[in-house]
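One letter stands for each residue in the lines below.
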Amino acid sequence: MKIAILSRNKRLYSTRRMVEAGEAAGHEMHVIDTLRCYMSMVAHKPEIHYKGEVLEGFDAVIPRIGASITQYGTAVVRQFEMMGVFPINESVAISRSRDKLRSLQLLSRKGVGLPITGFAHSPDDIPDLINMVRGAPLVIKMLEGTQGIGVVLAETRKAAESVIEAFMGLNVSVMVQEYIKEAGGADIRCFVVGGKVIAAMKRQAAPGEFRSNLHRGGSASLIRITPEERATAVRAARIMGLNVAGVDILRSHHGPVVMEVNSSPGLEGIESATSKDVAGMIIKFIEKDARPYRTQTKGSKG
């Protein structure tokens with residue numbers, strides 16, 4: 001098969017591993033810089049050009065799209081879809097998962113466990129917004145943040161009011177969530193491929209830190225997840241319409257709650273913690289499921 005990997009940097013661990021796994025399975029792998037793609041929209045003949053040449057003959061595309069280029073990246077994936085190339089994650093599913101508020105609304109509608117979450121526009125509504133999530137301590141998140149950036153733990157009501165007012169004053173959209181204290185600064189990353197959890201790791205925040213992101217000094221270790229956690233992760237990925245997803249779960253007193261569904265989960269942490277060939281499993285999924293693609297929308301509507 002001829003497989004495209006959309007990635008800004010071919011030296012990144014996840015990109016390298018996908019290339020290695022694909023070539024080991026006998027496939028022709030091409031790393032394509034997403035932002036160097038440019039598109040021609042002509043009736044019945046969509047094309048993607050790259051560095052002066054037309055991209056053609058691809059069987060599948062693996063999007064590794066950073067949050068900062070979501071709009072352009074999903075447009076490129078959509079163009080591949082229009083050309084009949086199988087995407088491991090559809091453009092609409094990537095867009096859906098990148099919109100934190102939209103994704104939580106969809107998960108909520110389907111009854112998936114979530115931290116109590118509030119969202120408001122007017123500073124006048126801040127006091128009731130804080131009450132909605134059971135008061136302080138609480139977590140404030142920028143809707144556009146990634147890797148723990150733009151996430152604040154407000155220990156007191158006064159601090160929460162000040163931080164929310166500051167974000168609103170800068171015209172930054174934020175949501176407010178209850179703080180799951182019993183999680184102890186740890187979350188579980190479930191790696192879902194083709195409707196199955198193929199690997200899971202516990203991410204523990206560094207001392208003095210509440211964010212468990214590995215980019216922020218958190219540590220990763222192998223963990224055995226419960227059947228309920230497994231089912232929650234699979235369901236969350238399915239609702240988003242993602243074939244490949246990293247589903248982040250917290251263990252709360254009222255069961256597993258989903259924090260985020262990531263459409264481009266990194267491979268380094270999960271492969272190191274579990275010693276599993278996650279890249280190879282993604283390639284096997286492509287081998288099994290890739291087919292001439294017809295534009296469709298999976299998961300929840302909205």
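Our subject is the structure listed above.
Residues numbered from 1 in each chain as written. Predicted model: local features only at pLDDT ≥ 70, side-chain atom pairs only at ≥ 80, totals over all residues. Heavy atoms only, no water.

The next thing to look at is the sheet that holds strand β5 (residues 53-55). Strand order in this open sheet of three strands is β3-β4-β5, and the pairing throughout is antiparallel. Edge positions in the sheet fall to β3 (37-40) and β5, since each of these pairs with one other strand and no more. Each adjacent strand pair in this sheet contributes to an overall mean axis angle of 40 degrees, direction not counted. Strand direction decides the pairing type here: strand β4 (residues 47-50) and β5, joined by three bridges, are antiparallel. Counterpart to histidine 49 in the pairing with β5 is valine 54. Contacts from helix α2 (residues 70-82) reach β3, β4 and β5 within the one sheet, and its direction differs from that of β3 by about 50 degrees. (Pairing = 2+ DSSP bridges. Helix = DSSP H or I, 4+ residues; strand = E, 2+ residues; numbered from the N terminus. Axes fitted to C-alpha atoms, helices over the stretch in contact; angles between N-to-C directions. Contact = heavy atoms within 4.5 Å.)

So, on to the packing of aromatic side chains. The tally for this structure, following the rule as stated, stands at two aromatic pairs. Residues phenylalanine 58 and phenylalanine 80 carry aromatic rings whose centres are separated by 6.2 Å and whose planes lie at 90 degrees to one another, so their mutual orientation is edge-to-face. Residue phenylalanine 58 is found in the loop between β5 and β6 (60-63), and its partner phenylalanine 80 is found in helix α2; the two are separated by 22 residues along the sequence. There is no split in this pair, since phenylalanine 58 and phenylalanine 80 are both buried. With 6.3 Å between their ring centres and 45 degrees between their planes, phenylalanine 86 and phenylalanine 285 make a pair best called tilted. Taken together, the residues phenylalanine 86 in strand β7 (residues 86-87) and phenylalanine 285 in helix α9 (residues 278-289) connect sequence positions 199 residues apart. Both residues of the pair, phenylalanine 86 and phenylalanine 285, count as buried. Cation over ring: lysine 2 sits above phenylalanine 58, and NZ or CZ is 4.5 Å from the ring centre. (Phe/Tyr/Trp six-rings, centres within 6.5 Å; stacked < 30°, edge-to-face > 60°. Buried < 20%, exposed > 50% of the residue type's maximum accessible area, 1.4 Å probe, protein only. Lys NZ or Arg CZ within 6 Å of the ring centre and 35° of its normal.)

So, about the nonpolar core. In terms of nonpolar packing, the biggest core is built from 28 residues, with Leu107, Val247, Val258 and Val261 touching the most fellow members. Those elements that place two or more of their residues in this core are α4 (100-109), β12 (186-193), β13 (196-204), α7 (227-240), β15 (244-252) and β16 (255-262). Here this core takes six residues from α7, the largest share from any one element. With residues up to four places along the chain from it excluded, the contact list for valine 247 reads Ile188, Arg189, Cys190, Val192, Ala233, Ala236, Ala237, Val258, Glu260 and Val261. With 26 residues, the next largest nonpolar core counts Phe86, Ile198, Leu267 and Tyr293 among its residues. (Core = buried A, V, L, I, M, F, W, Y, C linked by side-chain atoms within 4.5 Å.)

This brings us to the side chain of aspartate 248. Locating aspartate 248 in the fold gives a position in strand β15. Within the structure, the side chain of aspartate 248 is placed 2.5 Å from the side chain of arginine 189, a separation counted as a polar contact. In this structure the side chain of aspartate 248 is engaged in a polar contact, spanning 3.1 Å, whose partner is the side chain of arginine 203. Once residues lying within four places of it in the same chain are set aside, the contact partners of aspartate 248 are Asp187, Ile188, Arg189, Arg203, Val257, Val258, Met259 and Glu260. (Polar contact = N/O pair within 3.5 Å; in protein donor to acceptor, adjacent residues only side chain to side chain.)

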